[in-house]
Amino acid sequence: MEDFSSRLTGGPVLVADGAMGTFLQAAGLPPGRPGEAWVLEQPDKIAAVHRAYVEAGAELILTCTFGGTQARLARAGLADRVAEINRRAVEVARQAAAGRAYVAGDIGPLGELLAPLGKRTCEEAVELFAEQAAALAEAGPDLLYIETMSSLDEVRAAVEGARRVAPHLPLTVTLSFDSKGRTNMGVRPEQAARLLVELGVTAFGVNCGHSLEMSEGALRAMHEEAPAALLIAKPNAGLPRMVGDEAVYDATPALMAEAARRFVELGARIVGGCCGSTPEHIAAIARAVA
């Protein structure tokens, strides 16, 4: 395959994958057990999700390592298996992609507040992100993909950690925006865009989020702040609502496809889905942006 950065800047829009966790739960992942545990215990089930998205038209798949930092794995008694889990996740994704999709080493937030609001110092956060990024990089992904961020301090820490151990890899960052048009830490999309331009990441944008409309508004603000930036849109499949104990997402594949076209008009070079999105959503997006 063509080098990822060259493909991002010079080729057609890249279609990314969709949700992972909901599929693993449907496949029997016990409540409270992180998907990362199945990287070692049930890799075939993770590979099956990757393959479903590739078959649907995804050209970029994220490793099952959203919670792959030591801080998050410790909650499942897996603190001593950070390197093993992250390396294996890249291998599983690479085998499933079979040369048909780029593999992104996925890095999610720590799930805790940084000082002064929390006890975790920024330098500790950098070390945690660096540990995960080093393990991912060792297995040879095409890029590192920092996602679902809400704090600019944590964004800085994640970028610094990744750059410290893998300066050769392309690096992307996305943030999640809620119902007030800001992240849950109060960050406006314009602020995020300014910082990420300053940090010189390969591409940045929005993922997850309160609704398709909220993600579109945030992406528009980023585009207006940084019109030359390569942007990413990987939103939830609409606004979730609870039906019993289950979160139901109402955006149909057709609605996601329409949104993807609008995201591309706003400068998105990577489009896909997050929570609630399925291979059917990704297939519709792939057809819409072809």
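Residues numbered from 1 in each chain as written. Predicted model: local features only at pLDDT ≥ 70, side-chain atom pairs only at ≥ 80, totals over all residues. Heavy atoms only, no water.

**Student:** Sorry if this is basic, but what is going on with the packing of aromatic side chains here?
**Tutor:** For any pair of aromatic rings, geometry is given as the distance between the ring centres together with the angle between the planes. Under the criterion given, the structure shown has two aromatic pairs. Consider the rings of phenylalanine 4 and tyrosine 102, whose centres lie 5.5 Å apart with planes at 75°: the pair is edge-to-face. In this pair, phenylalanine 4 sits in helix α1 (residues 4–10) while tyrosine 102 sits in strand β3 (residues 102–107), placing the two residues 98 residues apart along the sequence. For the pair shown, phenylalanine 4 and tyrosine 102 are each scored as buried. Taken together, a centroid distance of 6.0 Å and an interplanar angle of 80° make the contact between phenylalanine 23 and tyrosine 53 edge-to-face. (Phe/Tyr/Trp six-rings, centres within 6.5 Å; stacked < 30°, edge-to-face > 60°. Helix = DSSP H or I, 4+ residues; strand = E, 2+ residues; numbered from the N terminus. Buried < 20%, exposed > 50% of the residue type's maximum accessible area, 1.4 Å probe, protein only.)

**Student:** What should I look at first to understand unusual backbone geometry in this one?
**Tutor:** With glycine set apart, most residues show a phi of negative sign, and most peptide bonds adopt trans. A cis amide bond, omega 10°, links alanine 115 with the succeeding residue proline 116. You can see proline 116 is positioned in the loop between β3 and α7 (122–138). If you check the backbone angles, cysteine 208 has positive phi at about 55° while not being a glycine. Residue position: cysteine 208 is located in strand β6 (residues 203–208).

**Student:** Could you clarify how one ought to interpret the packing of helix α9 (residues 189–199) against helix α10 (residues 212–225) in this entry?
**Tutor:** Relative orientation and spacing of two packed helices are given, respectively, by the angle between their axes and the distance between those axes. Interhelical geometry of α9 versus α10 gives an angle of 45° and a closest axis separation of 8 Å. Looking at the two axes, α9 sits oblique to α10. You can see that α9 and α10 cross each other, and the crossing is right-handed. Contact residues: α9 offers Pro189, Glu190, Ala192, Ala193 and Arg194, while α10 offers Ala218, Ala221, Met222 and Glu225. (Axes fitted to C-alpha atoms, helices over the stretch in contact; angles between N-to-C directions. Parallel < 35°, antiparallel > 145°, perpendicular 65-115°, else oblique. Left-handed = near helix turned anticlockwise from the far one by under 90°. Contact = heavy atoms within 4.5 Å.)

**Student:** Please clarify how the pattern of salt bridges should be interpreted in this entry.
**Tutor:** If charged atoms from side chains of opposite charge come close, those side chains can pair. Counted by the stated rule, this structure contains 18 salt bridges. Taking the shortest distance from any N to any O, the salt bridge between arginine 94 and aspartate 142 comes out at 3.0 Å. A residue pair is termed long-range when its members are at least 10 positions apart, and arginine 94 in helix α6 (residues 82–97) and aspartate 142 in the loop between α7 and β4 (143–149) qualify at 48 residues. The class of arginine 94 is partly exposed, set by a relative accessible area of 30%. Among the charged side chains, a network of salt bridges with common partners joins Glu123, Glu127, Glu160 and Arg164. (Salt bridge = Lys/Arg side-chain N within 4 Å of Asp/Glu carboxyl O.)

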